[in-house]
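Listed below are the residues making up each chain.
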Amino acid sequence: MTAADDVLVEDVRLRIAERTARELRDGELVNLGVGIPTLIPRVMRDDQAVTFHSENGVIGFEALDEDAEPDPSLINASKQPIQEQEHTSYFDSASSFGMIRGRHIDVAVLGAFQVDEAGMVASWHIPGRPMMGVGGAMDLLVGARRVIIAMTHLGPDGSPKLVARCTLPLTANRPFDVLVTEKATFERRDGRIVLKDLAQGVSLDELRASTPMAFDV
Amino acid sequence: MSVTFETADECVSRIPDGATILVGGFGLCGQPYELIKALQRAGTRDLTIISNNIGEPGRGLGILVRSGQIAKAVSSFFSTNKEVLAAHDRGEMELELIPQGTLAEAIRAGGAGIPAFYTPTAAGTRLADGHEVTMFDGKECVLQRSITADFALIYARNADQYGNLSYFKTERNFNPLMATAGGTVIAEVEHVVDSFSSPELVATPSLFIDVMVRKTLENGLDPVQGEAQ
């Protein structure tokens, strides 16, 4: 990839993070998973009163100020530096996942490889390769009260990620609630996927052409 | 009551070939680098390492991947270190993937005398293969055995001379859990005080700690960098 491609990819990821941030409601405690979700603190509006949780043992953090010195002892799930707020607290990994499975976390924002019409999520394993990483994704899908998937609409090779039925191994039995890509935002209502809004400059025809997953309009 | 201080090399000389070792940290944050480097110098082989990640290429636990000392790794996320995949593909390293919350709880339970527990995490997925599954309250749950190990290598920012520990920010992660689940627990600590300003500050009581190492900054280099190779 060229430097220009890198900028383009980062721009797409930030737009997904921005749209996802608008799904968060004041007062919610929100876990941020690895990847695009950890960009969300950078794009929050000042008037949003949301508290972030990170699986590695911290509640109450924000994006690192541009002129701040990164502290290697304070990182998010993507292992990037963050900074404290007035109400910050720290805890061990068993307590952190107790909060997650114990239904104390309002929202989990997670990335994914594939999602499907039943709301199922595949986010951890490509068959034929060794099982390399699951992290906290299975715990978060099982335990968070609301699950938002924030991911690019297509894979790096241009293949669809919103499919009729996941072909990759599932992360949990539980479906997502909201799905945000750079092209559109969807939500699940009564077991069906419903288009909530289209991104600026994206037509419904264009969305349908890149979305094998059936959805209501 | 006071705990003994040894060098990192003296500490790891207790660890035989084939040992199972819990190693604290989330990525490189909160890993006991001096103890990991001492293990590399000792050349101890056929180790089973249980840690949330297996370092990064040539950094943290990654130095033991390069030196071929790890026979098996148990972790929730190997993907931070591509050299783990390469070692696995060469047939040199067995890998066991466990969801992070299940891994943390298995260590907590292991240190607390609970031999196994049920969790809804991983139900209906390939990571439930080989596990007994039972319904509780209409929810499928997976039976998970607890985890203990011969040794635990942990990191704490502050200690007193008795072996009471406190942690700093997100360096805490798996360290206090692993302190309870290792047969012999070796703590690498950054600062040692005579006693904490208040006993309320102690996060891990000294009873769990067998021996301590003071972290040293060799040549003023950032220990996070590990061994440049």
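Before any of the text, the structure's been laid out above.
Residues numbered from 1 in each chain as written. Chains lettered and ligands numbered in written order. Predicted model: local features only at pLDDT ≥ 70, side-chain atom pairs only at ≥ 80, totals over all residues.

**Q** Would you mind showing me how to read the overall build of chain A here?
**A** Counting its regular elements, chain A contains four helices and 12 strands. At 17 Å, chain A has a C-alpha radius of gyration in line with the 17 Å of a compact globule built from 217 residues. With the C-alpha coordinates of chain A rotated into their principal frame, the extents come out at 45 × 40 × 35 Å. Here chain A holds 217 residues, and 43% of them are scored as buried. Considering only contacts in chain A between residues 6 or more positions apart, those separated by 24 or more positions represent 64%. (Helix = DSSP H or I, 4+ residues; strand = E, 2+ residues; numbered from the N terminus. Rg over C-alpha atoms; globule rule 2.2 N^0.38 Å. Buried ≥ 20, exposed ≤ 12 C-beta atoms within 10 Å, placed from the backbone. Contact = placed C-beta atoms within 7 Å.)

**Q** Before we go on, may I ask you to explain the overall build of chain B in this structure?
**A** Along chain B, the regular secondary structure elements total six helices and 12 strands. Relative to the 2.2 N^0.38 estimate, which gives 17 Å for 229 residues, the radius of gyration of chain B is 18 Å and therefore close to what a compact globule would have. Relative to its full complement of 229 residues, chain B shows a buried share of 52%. Residue pairs in contact within chain B that sit at least 24 positions apart in sequence constitute 71% of those at least 6 positions apart.

**Q** For this particular structure, what's the right way to read the interface of chain A and chain B?
**A** For an interface, size is often stated in terms of accessible area lost upon the parts coming together. On the side of chain B, 36 residues touch chain A, which itself brings 32 residues to the contact. The set of elements that each furnish at least two residues to the side of chain A that touches chain B consists of α2 (93–101) and α3 (137–143) of chain A. Top contributing element to the side of chain A that touches chain B by residue count: α2(A), with five residues. Its residues assigned to classes, the side of chain A that touches chain B comprises 17 nonpolar, 10 polar and five charged. (Nonpolar A, V, L, I, M, F, W, Y, C, P; charged D, E, K, R; others polar.)

**Q** In this structure, what is going on with the sheet that holds strand β8 (residues 139–145) of chain B? I would like to understand it.
**A** In a beta sheet, neighbouring strands pair by backbone hydrogen bonds and run either parallel or antiparallel. Residue and element names in this part refer to chain B. Pairing is antiparallel across the open sheet formed by three strands, whose spatial order is β6-β8-β7. Bordering the open sheet on either side are β6 (116–119) and β7 (133–136), each of which pairs with just one other strand. In this sheet, neighbouring strand axes are inclined to one another by 35 degrees on average, regardless of whether the strands run parallel or antiparallel. Strand direction decides the pairing type here: β6 and β8, joined by four bridges, are antiparallel. Note that in β8 the partner of alanine 116 across the bridge is arginine 145. Its contacts with the sheet place helix α5 (residues 100–111) against β6 and β8, and it is angled at close to 150 degrees to β6. (Pairing = 2+ DSSP bridges. Axes fitted to C-alpha atoms, helices over the stretch in contact; angles between N-to-C directions.)

**Q** What exactly am I supposed to notice about the packing of α2(A) against α5(B) here?
**A** Between two packed helices, what matters for the description is the angle formed by their axes and the separation of those axes. In contact at an axis separation of 8 Å, α2(A) and α5(B) are set at 125 degrees when each is read in the N-to-C sense. In terms of orientation, α2(A) lies oblique with respect to α5(B). Judged by the twist between their axes, the crossing of α2(A) over α5(B) is left-handed. Residue-level inspection shows A:Ser93, A:Ala94, A:Phe97, A:Ile100 and A:Arg101 of α2(A) in contact with α5(B), the latter providing B:Gln100, B:Gly101, B:Ala104, B:Glu105 and B:Arg108. Counted by class, the contact of α2(A) with α5(B) contains four nonpolar, three polar and three charged residues. (Parallel < 35°, antiparallel > 145°, perpendicular 65-115°, else oblique. Left-handed = near helix turned anticlockwise from the far one by under 90°.)

**Q** Please explain the sheet that holds strand β10 (residues 178–180) of chain A as it appears in this structure.
**A** Residues and elements named next belong to chain A. Within the open sheet, the nine strands sit side by side as β4-β3-β2-β1-β5-β8-β10-β11-β12. Their pairing is mixed. The open sheet has two edge strands, β4 (82–90) and β12 (192–198), and neither has a second partner. Strand-to-strand twist across the sheet, computed as the mean angle between neighbouring axes with direction ignored, equals 30 degrees. Pairing of strand β11 (residues 184–189) with β12, which is carried by six bridges, proceeds in the antiparallel orientation. Bridge pairing in β12 links phenylalanine 186 to leucine 195.

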